[in-house]
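Residue-level listing of the chains:
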Amino acid sequence: RRALEMKLSIEYVRPIAVIATSEQLDCDQPDTFHEAAIDLVEEGICFLVADLTGFDKIDSELIGNLVQTYTTLAKAGGQLAIVIPAVLRQRHGIQLVLSEPLFLTTHSRDEAIQMLLLEMLKDPVERRVQQLAKKASRRASFLLKVAYILILVSVLTLLASWLG
């Protein structure tokens, strides 16, 4: 895959993979971490550390990439931990954007690995219940939006019949 052709460093701390790059993502390579995550999930690795230590800025492309990466890993029953150096945290106020419950964030690679190992030790039933609860919440939100749209259509239809 194209992502693995970049200057990505993938370190395996079984059953976790750590991905790092010193290159800033650009418009031609917006989904580098995500593509690497797809490859790793195909290899059976679904717990991943994205090490942003080599980055000098965090932009919307990178955040979108990390969200896609998280989604891919979560669907496979995994988790994403992100290493964000203090310089980036201070410069961008990034802990507010990349924070729980979606991302596990830390300032060191070792701590990120420890966080993922703890996640893996959680009772598989508890993890599955959490995943199902998130899914149910998203579905409920969607159904609520559909209900609002149906009510709006009904009101507009009723108004049209009264006026017409």
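Note that the coordinates shown come from a computational prediction; the quantities given were computed from them, not determined experimentally.

Definitions and limits used
- Residues numbered from 1 in each chain as written.
- Predicted model: local features only at pLDDT ≥ 70, side-chain atom pairs only at ≥ 80, totals over all residues.
- Heavy atoms only, no water.
- Patch = residues over 30% accessible without salt bridge, like charges linked within 9 Å, V, L, I, M, F, W, Y side chains within 5 Å.
- Areas by Shrake-Rupley, 256 points an atom, 1.4 Å probe, with all protein chains shown as cover.
- Salt bridge = Lys/Arg side-chain N within 4 Å of Asp/Glu carboxyl O.
- Lys, Arg positive; Asp, Glu negative; His and termini not counted.
- Charge placed at Lys NZ, Arg CZ, Asp CG, Glu CD.
- Helix = DSSP H or I, 4+ residues; strand = E, 2+ residues; numbered from the N terminus.
- Buried < 20%, exposed > 50% of the residue type's maximum accessible area, 1.4 Å probe, protein only.
- Core = buried A, V, L, I, M, F, W, Y, C linked by side-chain atoms within 4.5 Å.
- Axes fitted to C-alpha atoms, helices over the stretch in contact; angles between N-to-C directions.
- Parallel < 35°, antiparallel > 145°, perpendicular 65-115°, else oblique.
- Left-handed = near helix turned anticlockwise from the far one by under 90°.
- Contact = heavy atoms within 4.5 Å.
- Nonpolar A, V, L, I, M, F, W, Y, C, P; charged D, E, K, R; others polar.

*Asks:* Before we go on, may I ask you to explain a positive patch on the surface in this structure?
*Replies:* Taken together, Lys-75, Lys-134, Lys-135, Arg-138 and Arg-139 make up a surface patch of like positive charges. Broken down by element, the positive patch gets its largest block of residues, four residues, from helix H6 (residues 124-163). Relative to the elements of secondary structure, Arg-139 occurs in helix H6. Judged by its relative accessible area of 53%, Arg-139 falls in the exposed class.

*Asks:* Got a minute to help me understand the nonpolar core in this structure?
*Replies:* Nonpolar side chains tend toward joint burial in soluble globular proteins. Of all hydrophobic cores here, the largest spans 32 residues; its most connected members are Phe-33, Leu-48, Val-49, Leu-52, Leu-66 and Leu-80. Listed by contribution, the elements that provide at least two residues to this core are strand S2 (16-21), helix H2 (32-42), strand S3 (47-51), helix H3 (60-75), strand S4 (79-83) and helix H5 (109-121).

*Asks:* Teacher, can you tell me more about H2 here?
*Replies:* Every α-helix carries 3.6 residues per turn, so stepping three or four residues along brings you back to the same face. Burial of H2 is extensive: eight of the eleven residues sit out of reach of the surface. All buried positions along H2 are accounted for by Thr-32, Phe-33, His-34, Glu-35, Ala-36, Ala-37, Asp-39 and Leu-40. Of the residues one or two after H2, Gly-44 is the one with positive phi, at around 95°.

*Asks:* Mind showing me how you'd approach the packing of H2 against H3 here?
*Replies:* Viewed as axis vectors pointing N to C, H2 and H3 meet at an angle of 15°, and their least axial separation amounts to 7 Å. Taken as axis vectors, H2 and H3 run roughly parallel relative to one another. Considering the relative orientation of H2 and H3, their crossing is right-handed. Residue-level contacts link Thr-32, Phe-33, His-34, Ala-37, Ile-38 and Val-41 of H2 to Leu-62, Asn-65, Leu-66, Gln-68, Thr-69, Thr-72 and Leu-73 of H3. Of the residues contributing to the contact of H2 with H3, the split by class is seven nonpolar, six polar and no charged.

*Asks:* Mind showing me how you'd approach the environment of Ala-112 here?
*Replies:* When you line up the elements, Ala-112 lands in helix H5. On the basis of relative accessible area, Ala-112 is assigned to the buried category, the value being 0%. Considering only alpha carbons, one finds Ala-112 and Asp-51, 61 residues apart in sequence, at a separation of 9.0 Å. Excluding residues that lie within four positions of it along the chain, Ala-112 makes contacts with Val-49, Ala-81, Val-83 and Thr-106.

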